[in-house]
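As a plain string of letters, each chain reads:
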Amino acid sequence: AKDTLVDGDLLRPHWHEQDYLFSILTGYMDAPAGVEIRDGLYYNPYFPGGAISMARALFDGVVEYDDGTPATTSQMAKDVTTFLSWAAEPEHDDRKKMGVKAIIIISILTAFSVWLKRN
């Protein structure tokens, strides 16, 4: 099992990876006392080593949602991780439809088998 998003499978929608990406996007803060961060790096306790070169990208109120949803950093991070998960597995919807069809067919065959056994 993978523990980080760094190993080439960045966008695969595994729950722990979505949580990790969400934490990275929302975890920027000032470094605690005694922790030095080099120039060009930013402190993020969720990133291995605590120093990340990607600047904070999400700020409250940066976008405006048509439905009036508050544009908090947390909401935007959730939207980004949800979108990336969807974009990473375009076949997800097809697999889900196939699963529903399989359950329907199995249910029909089971009912038919029960009917045959009783008659």
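Residues numbered from 1 in each chain as written. Predicted model: local features only at pLDDT ≥ 70, side-chain atom pairs only at ≥ 80, totals over all residues. Heavy atoms only, no water.

- Going by what an unreviewed UniProt entry lists, the protein chain is known as 15870_t:CDS:1 and is assigned to Cetraspora pellucida.

## A short note on the overall build of the protein chain
- Regarding its fold elements, the protein chain presents 3 helices and 2 strands.
- Within the protein chain, the fraction of its 119 residues that count as buried is 20%.
- Within the protein chain, counting contacts between residues at least 6 apart in sequence, those at least 24 apart form 34% of the total.
- Accessible area for the protein chain stands at about 9,100 Å²; split by element, carbon and sulfur atoms hold 61% of it. (Helix = DSSP H or I, 4+ residues; strand = E, 2+ residues; numbered from the N terminus. Buried < 20%, exposed > 50% of the residue type's maximum accessible area, 1.4 Å probe, protein only. Contact = heavy atoms within 4.5 Å. Areas by Shrake-Rupley, 256 points an atom, 1.4 Å probe, with all protein chains shown as cover.)

## Brief notes about the packing of aromatic side chains
- Taken as a whole and judged by the stated rule, the model has 2 aromatic pairs.
- Between Phe83 and Trp86, the ring centres sit 5.8 Å apart and the planes meet at 40°, which makes this aromatic pair tilted. Remark: Trp86 and Phe83 occur in helix 2 (residues 73-88); sequence separation between them is 3 residues, near one turn of the helix.
- What makes Phe83 partly exposed here is its relative accessible area of 49%.
- Measuring from ring centre to ring centre gives 6.0 Å for Phe112 and Trp115, while their planes differ by 25°; the resulting arrangement is stacked. Within this pair, Phe112 and its partner Trp115 are both found in helix 3 (residues 92-118), separated by 3 residues, close to a single helical turn. (Phe/Tyr/Trp six-rings, centres within 6.5 Å; stacked < 30°, edge-to-face > 60°.)

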